[in-house]
Amino acid sequence: MKSFFLALLLFSISVFTSGCSDKAEDNIVLVISMDGLRHDYPYKSESGGFSLMSSRGLKADSLIPVYQSTTFPTHVSMATGVYPDTHGIMHNSFYDTKKGSYSYSPEANWIESKPIWAYLEEKGIKTATYFWVGSETSWNGIEISYSKFPFSNSVSEKVKIQQILDWLSLPDKERPRLIMSWWHGIDSAAHKYGLSHKKVKQKFKEQDKHLLDLINKIEEKGLWKKLTLIVVSDHGMTDISNLINVNELLKKAKIKSRISIGPAIGHIFLDNKDELQKAKQALKQNKFLQVKRKNEIDESLHLIHPTRTGDIVVFTKSPNMLVSRKNNNPPIGMHGYNPKTNKDMEGIFLAYGNKIKPMKVGKVKQVDVAPTILSLLGVEIPKYMEGKEIKLN
């Protein structure tokens, strides 16, 4: 009798652990980031991928980007679930008083919070990235199973789609359960021509078609029962018309400094800290600038970093843009502005496939993307993540 109960107990444990394993292994998450796609663009789709996802999947009103709403900090926030003051990537380029200058660096160790691919790889879950910011090198010695690099703007979405399909075609034990890929979106065209230009509209149609192609090819593989597709953007876009040369303002006042400039936020590291008040007064000569000491910045903006925030920080709103030198061919479209005061900065969030209920939801945040991915994978959300899971069904 004892042997019977023992056998029954072992059988029950086997069934339970097998069930847990199946549950943990039943989903793949594919994340596509469309660069520069403003929140209203999915509505422009008539018969493409966005139209399909909007009608058959989940669509959020918008995705609220982190601030400064530029490509590097936003992508890293989506990958880490934390704000820029935590992960440290303040802009596409910035200055660190201990490490020096960062500019579009492929070196992942500049990121000060664990990316989701590193978190999953540590748990034995394979991941893959195709041009996602911060994924070109290992993070603190943790390698990504599959990663395409170095970044090249000339690589087409067709090439990326084929690589994604190749990854999805791998045997179960080799196939990544998380794939993250950057796509062109409308960013470059909108910077050059402005949002209303026909070339921007044409670029969106191309991206919409590529998205539909990806969806159809996943359908052909019969993978929708175990795959969730999430489509996001890093930021929106707005038109600008006025450049503010911060370097020129400081030079006129004969103030020496190192300047780290983004389109909406500028960090000034003074050579002589005793000139702080003088520098503030010089910068305030421009009526379109808001000037703050480091200790005067609102903490809710998530911009105060121990070594990457300037002694003085300047802010501006569209249609203004900060620069540090003369620009003979300035952009027409720009981003980077505070999403709390500029709705044009809001991006997109759509989801389709396994574990997704067709519905509309309100605004969601970029820091919520990583926790949501983990939930879809059945993996515990770590306490260090500052975002929360988006309810998708």
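Look a little higher up for the structure.
Predicted, not measured: the structure shown is a model, and the values here were computed from it. Along each chain, numbering runs from 1 in the same order as the chain's sequence is written. Local features are withheld for residues below a pLDDT of 70 in this predicted model, meaning they are given only at 70 or higher, and side-chain atom pairs are given and counted only at 80 or more; totals for whole chains, interfaces and linings count all residues. Hydrogens and water are ignored here; the side-chain numbers use all heavy atoms of the structure.

*Asks:* It is not clear to me how the side chain of Thr-316 should be interpreted in this structure. Could you clarify?
*Replies:* Numbering goes from the N terminus for both helices and strands, where a helix is a DSSP run of H or I of at least four residues and a strand is a run of E of at least two. Mapped onto the secondary structure, Thr-316 falls in the loop between β15 (312-315) and β16 (320-323). With a 1.4 Å probe rolled over the protein chains alone, any residue whose accessible area is under 20% of its type maximum counts as buried; one over 50% counts as exposed, and the rest are partly exposed. By relative accessible area, which is 5% here, Thr-316 ends up buried. One polar contact links the side chain of Thr-316 to the main-chain carbonyl oxygen of Phe-288, over a distance of 2.9 Å. Counted as a polar contact is a pair of N or O atoms within 3.5 Å, where, for protein atoms, one must be capable of donating a hydrogen and the other of accepting one, and residues adjacent in sequence contribute only when both atoms are in side chains.

*Asks:* Whenever I open this one, helix α10 (residues 276-283) confuses me. Can you help?
*Replies:* Three or four residues apart is the spacing at which side chains of an α-helix point the same way, because the helix has 3.6 residues per turn. Of the residues making up α10, those classed as buried are Leu-276, Ala-279, Lys-280, Ala-282 and Leu-283. Buried residues of α10, viewed axially, fall in a sector of 160 degrees; they line one side. Note on contacts: a residue pair is in contact if any heavy atoms of the two residues lie within 4.5 Å. Turning to α10, the residues buried within the fold contact α9 (246-252), β13 (265-270), β14 (290-293) and β15. The directions from the helix axis to the C-beta atoms are what the arc is built from.

*Asks:* Even after reading the chapter, I still don't get the pairing of strand β8 (residues 178-183), so can you show me in this structure?
*Replies:* The side chains of a regular strand alternate, first on one face of the sheet and then on the other. Among the 6 residues that make up β8, 6 are buried, leaving the element largely enclosed by the rest of the structure. Of the two faces of β8, the one carrying Leu-178, Met-180 and Trp-182 and the one carrying Ile-179, Ser-181 and Trp-183 are both buried. At least two DSSP bridges between two strands are needed for those strands to be called paired. Note that strand β1 (residues 28-34) and β8 share 6 bridges and pair parallel. Counted as the bridge partner of Ser-33 is Trp-182 from β8. The pairing of strand β6 (residues 127-130) with β8 spans 4 bridges and is parallel.

*Asks:* Help me understand the sheet that holds β14, please; the structure alone is not making it clear to me.
*Replies:* Pairing between sheet strands relies on hydrogen bonds along the backbone, with the strands arranged either parallel or antiparallel. Taken in spatial order, the 4 strands line up as β12-β13-β15-β14 in an open sheet, and their pairing is antiparallel. Among the strands making up the open sheet, the edge pair consists of β12 (257-261) and β14. Within the sheet, the average angular offset between the axes of one strand and its neighbour, ignoring direction, is 20 degrees. Here β13 runs beside β15; their pairing, made up of 4 bridges, is antiparallel. Residue pairing across strands places Ile-265 opposite Phe-315, the latter belonging to β15. All axes here are fitted lines through C-alpha atoms, helices being fitted over the stretch that makes contact, and every angle between N-to-C directions spans 0 to 180 degrees.

*Asks:* I tried to follow the side chain of His-39 on my own but got confused; where do I start?
*Replies:* Looking at the secondary structure, you find His-39 in the loop between β1 and α2 (49-56). For His-39, a relative accessible area of 13% gives the class buried. The residues contacting His-39, other than those within four sequence positions of it, are Asp-61, Ser-62, Lys-343, Glu-346, Gly-347 and Ile-348.

*Asks:* Help me out: how do you make sense of the nonpolar core in this one?
*Replies:* As a rule of thumb, nonpolar side chains are buried together in soluble globular proteins. Core analysis: the biggest nonpolar cluster contains 46 residues, and Val-31, Ile-116, Leu-178, Ile-230, Val-232, Phe-349 and Ile-373 have the highest contact counts within it. Where this core is concerned, the elements lending two or more residues are β1, β2 (58-60), α3 (71-80), α5 (116-122), β8, β9 (227-232), β18 (349-353) and α11 (369-377). Per element, the largest residue contribution to this core is 6 residues, and it comes from α11. Setting aside its immediate chain neighbours within four residues, Ile-116 contacts Ala-79, Leu-178, Met-180, Ala-370, Ile-373 and Leu-374. We define the nonpolar core as a collection of buried residues of types Ala, Val, Leu, Ile, Met, Phe, Trp, Tyr and Cys that are connected through side-chain atoms lying within 4.5 Å of one another. Counting residues in each nonpolar core, the second largest holds 40 residues, with Leu-30, Leu-195, Leu-211 and Leu-214 among its members.

*Asks:* Quick question: what am I supposed to make of the environment of Lys-363 here?
*Replies:* Of note, Lys-363 is situated in the loop between β19 (359-361) and β20 (364-365). With residues up to four places along the chain from it excluded, the contact list for Lys-363 reads Asp-61, Ser-62, Ile-64, Lys-343 and Glu-346.

*Asks:* Looking at this model, I keep getting lost on the sheet that holds strand β7 (residues 146-148). Mind explaining?
*Replies:* Spatially, the 8 strands line up as an open sheet ordered β7-β6-β8-β1-β9-β18-β2-β19, and their pairing is mixed. The open sheet has two edge strands, β7 and β19, and neither has a second partner. Geometrically, the sheet is characterised by an average inter-axis angle of 10 degrees between neighbouring strands, direction not taken into account. By the bridge criterion, 2 bridges tie β2 to β18 in an arrangement that is antiparallel. In the sheet register, Leu-58 faces β18, and the bridge partner there is Ala-351.

*Asks:* What is the right way to read the packing of α2 against helix α8 (residues 198-220) from this model?
*Replies:* The angle between the axes and the distance between the axes are what describe a pair of packed helices. Here α2 crosses α8 at 60 degrees, and the two axes come no closer than 6 Å. Judged by the inter-axis angle, α2 sits oblique to α8. Where α2 approaches α8, its residues Gly-49, Phe-50, Ser-51, Leu-52 and Met-53 are matched on the opposing element by Phe-204, Asp-208, Leu-211, Leu-212 and Ile-215. Asp, Glu, Lys and Arg are counted as charged, while Ala, Val, Leu, Ile, Met, Phe, Trp, Tyr, Cys and Pro are counted as nonpolar; the rest, among them Gly, fall into the polar class. In terms of residue class, the contact of α2 with α8 is made up of 7 nonpolar, 2 polar and 1 charged. An angle below 35 degrees is read as roughly parallel, one above 145 as roughly antiparallel, one from 65 to 115 as roughly perpendicular, and any other as oblique.

*Asks:* Looking at this structure, how should I read the packing of aromatic side chains?
*Replies:* What counts as a ring pair is set by centres within 6.5 Å for rings of Phe, Tyr and Trp (its six-membered ring), and what kind of pair is set by the plane angle: stacked under 30 degrees, edge-to-face over 60, tilted for all other angles. Under the definition given, this model contains 15 aromatic pairs. Aromatic pair Tyr-146 and Trp-167: ring centres 6.3 Å apart, planes at 40 degrees, arrangement tilted. Of the two residues, Tyr-146 sits in strand β7 while Trp-167 sits in helix α6 (residues 157-168), which places them 21 residues apart along the sequence. Of the residues examined, Tyr-146 reaches a relative accessible area of 21% and is grouped as partly exposed. An aromatic cluster is built from Tyr-130, Phe-131, Tyr-146, Phe-151, Trp-167 and Trp-182, whose rings are joined through pairwise contacts. Here Lys-44 stacks its cationic end above the ring of Tyr-41, 4.9 Å away from the centre of that ring. For a Lys NZ or an Arg CZ to count as sitting over a ring, it must be within 6 Å of the ring centre and within 35 degrees of the ring normal. Between Lys-99 and the ring centre of Trp-110, over which it is positioned, the NZ or CZ distance is 4.1 Å.

*Asks:* Is there a simple way to think about the packing of α6 against α8 in this case?
*Replies:* Two elements in contact, α6 and α8, have axes separated by 11 Å at closest approach and are oriented at 20 degrees. It follows from the interaxial angle that α6 and α8 lie roughly parallel. As for how α6 packs across α8, the hand of that crossing is right-handed. Residues Glu-157, Lys-158, Ile-161, Ile-164, Leu-165 and Leu-168 of α6 form the contact with α8, whose own contacting residues are Gln-207, His-210, Asp-213, Leu-214, Lys-217 and Ile-218. Grouping the amino acids of the contact of α6 with α8 by side-chain chemistry returns 6 nonpolar, 2 polar and 4 charged. Take the far helix as the reference: if the near one is turned anticlockwise from it by less than a right angle, the crossing is left-handed, and if turned clockwise, right-handed.

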